[in-house]
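Commentary on secondary and tertiary structure
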Amino acid sequence: MMWLMVILVIVAIFAGCGYLGYRQVSQKVRSLSKAAFGTDSFIEGYNRQADELALRPKSVNGMTKLMEPQIARDFPGFQWESFKQKAQNMLISAFAAIDQGDLSLLREASPALKEQVLGEIQSNEASRTRAVYQDVRIHQTEIANYVKKNGTCVITIQSAVEYKFYKECQGKVIAGDRERKTQTRYNMELAYIQDSGRYVSDTAVGVTCPNCGAPITRLSHMVCEYCGAEVLPVNDKIWTLQSFCEADYHHI
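Residues numbered from 1 in each chain as written. Predicted model: local features only at pLDDT ≥ 70, side-chain atom pairs only at ≥ 80, totals over all residues. Heavy atoms only, no water.

**Thoughts on the pairing of strand 2 (residues 152-169)**
Burial within strand 2 is extensive, with 16 of its 18 residues counted as buried. Strand direction decides the pairing type here: strand 1 (residues 130-149) and strand 2, joined by 16 bridges, are antiparallel. Residue pairing in the sheet places Glu142 in a bridge with Gln158 of strand 2. Of the strand pairs in this sheet, strand 2 and strand 3 (residues 172-176) are connected by four bridges, and their pairing is antiparallel. (Buried < 20%, exposed > 50% of the residue type's maximum accessible area, 1.4 Å probe, protein only. Helix = DSSP H or I, 4+ residues; strand = E, 2+ residues; numbered from the N terminus. Pairing = 2+ DSSP bridges.)

Shown next as structure tokens:
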């Protein structure tokens, strides 16, 4: 009988210690939750913060005011607003094409970009998953960068995007959130690819005079400095949207 009482006492001691430990851990979690989220419930605080972030558009790397004059010097007549609209139309149509598995929905895209979207569609088909994009909204679009290198001029365009995104397989969500919106950023590359054999330097763009073949080292030059022939300005049909990617990576 005595050994049974001893065992009961030991169990009671461990239970008491466990309860005290649980109370201490619980108090610590509540304290951290209060400091981080303003509420005793960590789960409630986390969900509240996630809901707030889902409604707050991301800021973009807006370098338009700095980069647009540089682009205009190289490409007289460059119309930023026109390309901005094309980039936004392309991005929204790319989401629709991937969502529906229909490449014909893609707009304003180069062959390279079509291959990218087709690859996404085929990957989803192979894994028997569907990528769902709903309620797509673009809050802001700006020029993020402009580089000239190895006979290629590339403008990086960045957009702040809002949507509901999730991936499902056999009716089960395997990525993303079916209910909560996502705020993210996407980069798009608008490229003017030139003949690398006529490339002059990183500050030039490698075109030649149509009359004498002399190099034109600045596209802002409307007249050849060697023979005086007129150099036609580059129009927007030469620029193509080559690719897009999510700048805030959060899903496959």
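Next comes the rest of the account.
**Section: the environment of Leu91**
Residue placement: Leu91 occurs in helix 4 (residues 80-100). Residue class for Leu91 comes out buried when judged on its relative accessible area of 0%. Sequence separation of Leu91 and Arg107 is 16 residues, and the distance between their C-alpha atoms is 8.4 Å. When near neighbours in sequence (up to four residues on either side) are disregarded, Leu91 contacts Ile138, Ser159, Val161, Tyr186, Met188 and Phe244. (Contact = heavy atoms within 4.5 Å.)

**Thoughts on the confidence of the model for the protein**
Looking at the protein as a whole, its pLDDT mean stands at 77, while 62% of the residues score no less than 70. Throughout residues 195-206 the model reports pLDDT below 50, and contacts reaching past four residues in sequence, or to other chains, amount to 25 contacts. (pLDDT = per-residue confidence, 0-100.)

**Things to note about helix 5 (residues 111-126)**
Within an α-helix, residues lying three or four positions from one another point in the same direction, as the helix has 3.6 residues per turn. Helix length check: helix 5, at 16 residues, gives a terminal C-alpha distance of 22 Å against a target of 22 Å (1.5 Å per residue), a fit within 8%. Turning to helix 5, its buried residues are Leu113, Val117, Ile121 and Asn124. Considered in projection along helix 5, the buried side chains sweep an arc of 75° and stay on one side of the axis. Opposite the buried face of helix 5, by more than 90 degrees, sit the exposed residues Pro111, Glu115 and Ala126. Structurally, helix 5 contributes buried residues whose contacts are with helix 4, strand 1, strand 2 and strand 7 (240-246). Of the residues flanking the end of helix 5, it is Arg128, one or two places downstream, whose phi is positive at about 55°. (Expected span 1.5 Å × (residues − 1). Arc of directions from axis to C-beta.)

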